[in-house]
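Working through the structure, step by step
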Amino acid sequence: MGAGHGHRLHFHGHSAVHRLPAQCKLLALVLFVLCVVATPRTAYWAYALDAAALGVCIAASRVPVGYLAKRMLIELPFVVFALLLPFIALGDRTVVLGVEVSAEGLEAGLSLLAKATLGVVGGLLLAATTEPRDLLAGLEGRLPRQLIQIMAMMVRYLDVTSDQMRRMRIARESRGFVARNPRHWPVLAQGAGALFVRSYERGERVHLAMVSRGYVGQLPGLVHDEATTREWVTSLALPTTAAVAAVAGWWLR
Amino acid sequence: MVVEVTADHAREGTGAPVLTVDGLAYAYPDGHQALYGVNLEVWSGERVALLGPNGAGKTTFVLHLNGILEAGRGTVEVSGMAVAKANLAEIRRRVGLVFQDPDDQLFMPTVADDVAFGPANLGFSGAELAAKVEHALEQVGMADYAKRPPHHLSYGQRRRVAVATVLAMQPEILVLDEPSSNLDPQSRRELSDILLALDITILMVTHDLPYALELCPRSVVLSEGVIVADGETGQVLSDEALMRAHRLELPYGFDPRQLHPRRYGGSCPPSVDICKTGQRHQLQEDT
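Residues numbered from 1 in each chain as written. Chains lettered and ligands numbered in written order. Predicted model: local features only at pLDDT ≥ 70, side-chain atom pairs only at ≥ 80, totals over all residues. Heavy atoms only, no water.

1. Re the pairing of strand E1 (residues 93-96) of chain A
Residue and element names in this part refer to chain A. So the rule is basically this: We call two strands paired when DSSP finds no fewer than two bridges between them. Counting from the N terminus, the helices are DSSP H or I runs at least four residues long and the strands are E runs at least two residues long.
Sheet analysis places E1 next to strand E2 (residues 99-102), joined by four bridges and oriented antiparallel. Paired with Arg93 across the two strands is Ser102, which belongs to E2. Hairpin connection of E1 to E2: two residues between the antiparallel strands, including Leu97 at a positive phi of 50°.

Okay, structure coming up:
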């Protein structure tokens, strides 16, 4: 089991971006996305500015562009929708490459594509440079503790449960099962039921193990570093740029 | 059939008993009776194997030792303190329970967080907590893995971390439920090296008989809710009638009469950073 450090989205490194405290990066990402969304639709140069700022962050993080590009496949549904918009939207028509499309739809599609891409790349960069544990620790004191603990358990047991699911699927397939049509759905449902029962039982065992180590209903917090002013300033540079771009976009409209 | 084997000459420990179980009986809420009056004493410094077939009540018994289950009848005492509601916090510090599946025990995002869970519940924090975590991980040779998430460790490494999670609470007795299950031979040996190097009383629940012989000078057989034998491990395992009567079987070709429990000698386990002899050892590479 020579698995690396973090999860599948994480790119191990020690760059300046990796080293920033998780809470700084998280807040920066949220603000950045809000600013990008608030940018006027047709201010394409503002998107370019946002993209350039994000590009600087990626370069600083030393995460290979190809690594992020592969994971951007998650954006595909948005891309399809954005490409459809010019064709299905109503309003004034315009001609692009010899095809008549809706001018408003074209605008909406382009801005949707730009905003979605900026958001996804920002999110991927955060995931690539931050361990899930640090992300949770960064939220400590900012979200209700119970919520953080639930998320921590989820992060911990997601792999265990999905591994169990995979083993059950392999066991089914090894006995010649292929889900071809709805008649096979009951088998899949039973598999899901078995998985639920097993997870529930594991939950009980985990609780026993916790109680054995003196758990009385209050979980200790995750240890995390407090961010310095300098780190806050560094990480807020990205959303500040996006905010300037958005404001300028409205100003010059 | 009940065979009594005297335990006196098998006893290695000294002083007062760490664990005293007297007439412990327990029935589950559904009426199924699991324990019918168990008597057991474990002395300080002993390593005792609790043997028994599946369904003998081993795990039920173990859950009484730290008060997870409440005795129907009889008493359990740990270093003179009765297992009762009022002292549960202290009892759970004194009795370190290592569960069979390390995935049940390790539930925090990283190894260090998990090892910190027990001592944090005891009220430790800051540098003191960090020192306890580091020391416990060093004891099992896993100090280099503190920041890793548990699901990225091998099964053997996870089992070792599970041992560290209770060592960090400085228990008086370490209770291990099937410690060798699912381990490959090398992980098995690494774990036994670690357990032998620990200066702690051990009660090991298992049906891995060679492992019991390797680690524990004394063995106790639990069958159908009662203790049916208590004596020197080699002697207990050599009693063919006893073994057959209680569904305990030695692996093919294994002869307990020719083997003896390992004792902690001068050579130190390779997987332990600092051991009893005070020498520092090369940490083993991740395999």
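2. Observations regarding the side chain of A:Arg202
Definition in use: By the criterion applied in these results, polar contacts are pairs of N or O atoms within 3.5 Å in which, for protein atoms, one can donate a hydrogen and the other can accept it, and in which residues neighboring in sequence qualify only through two side-chain atoms. Here, two residues are considered to be in contact whenever any of their heavy atoms come within 4.5 Å of each other.
In this structure, A:Arg202 sits in helix H9 (residues 185-212). Here the side chain of A:Arg202 touches B:Asp104 through a polar contact of 2.8 Å, side chain to side chain. Once you skip the residues sitting within four places of it in the chain, A:Arg202 turns out to touch A:Tyr157, A:Val160, B:Asp101, B:Asp103 and B:Asp104.

3. Overview of the pattern of salt bridges
The cut-off we apply is this: Any Lys or Arg side-chain nitrogen found within 4 Å of a carboxyl oxygen on Asp or Glu counts as a salt bridge.
Within the structure shown, the criterion is met by 25 salt bridges over all chains. A network of salt bridges, in which partner residues are shared, links A:Arg202, A:Arg205, B:Asp101 and B:Asp104.

4. Some details on the domain arrangement of chain A
Residue and element names in this part refer to chain A. Where we set the bar: Reported domain spans reflect what an automatic or database domain assignment gives. Under this grouping Gly is polar, as are all residues other than the nonpolar Ala, Val, Leu, Ile, Met, Phe, Trp, Tyr, Cys and Pro and the charged Asp, Glu, Lys and Arg.
Structurally, chain A comprises domain 1 (16-137 + 226-251) and domain 2 (141-212). Taking only C-alpha atoms, the centre of domain 1 and the centre of domain 2 are 34 Å apart. Taken residue by residue, the interface counts four residues in domain 1 and five residues in domain 2. Linking domain 1 with domain 2 are zero salt bridges, by the criterion used here. Connecting domain 1 to domain 2 are zero residue pairs in polar contact (both at pLDDT 80 or more). Looking at the side of domain 1 that touches domain 2 residue by residue, the class counts come to three nonpolar, one polar and no charged.

5. Thoughts on the interface of chain A and chain B
On the side of chain B, 32 residues touch chain A, which itself brings 31 residues to the contact. At the boundary of chain A with chain B, the tally comes to six salt bridges. Those elements that provide at least two residues to the side of chain A that touches chain B are helix H7 (132-139), helix H8 (145-174) and H9 of chain A. Residues belonging to the side of chain A that touches chain B are distributed by class as follows: 18 nonpolar, seven polar and six charged.

6. Considering the confidence of the model for chain B
All names here are of chain B. Quick note on the threshold: The predictor's confidence in any single residue is recorded as pLDDT, a number from 0 to 100.
In this model, chain B carries an average pLDDT of 85, and 86% of its residues clear a pLDDT of 70 or more. Contacts for the low-pLDDT stretch residues 1-11, under 50 throughout, to residues beyond four places or in other chains number 26 contacts. Predicted confidence is poor over residues 265-287, with pLDDT under 50, and the contacts of this stretch with residues over four places away or in other chains come to 45 contacts. Model confidence for the complex: the whole-complex pTM is 0.76, and ipTM, which rates the interface, is 0.73.

7. As for the packing of helix H2 (residues 22-38) of chain A against helix H10 (residues 229-251) of chain A
Residues and elements named next belong to chain A. Note the cut-off: Inter-axis angles, ranging from 0 to 180 degrees, are taken between N-to-C directions of lines fitted to C-alpha atoms, where helices are fitted over the stretch in contact. Throughout, the term roughly parallel applies to angles under 35 degrees, roughly antiparallel to angles over 145, roughly perpendicular to angles from 65 to 115, and oblique to all others.
At their nearest, the axes of H2 and H10 sit 9 Å apart, and the two run at 5° to each other. Compared by their axis directions, H2 and H10 come out roughly parallel. Contact with H2, carried on its side by Gln23, Cys24, Leu27, Ala28, Leu31, Phe32, Cys35 and Ala38, involves Glu231, Trp232, Ser235, Leu236, Leu238, Pro239, Ala242, Ala243, Ala246 and Trp250 of H10 and no other residues of that element. A class-by-class count of the residues in the contact of H2 with H10 yields 15 nonpolar, two polar and one charged.

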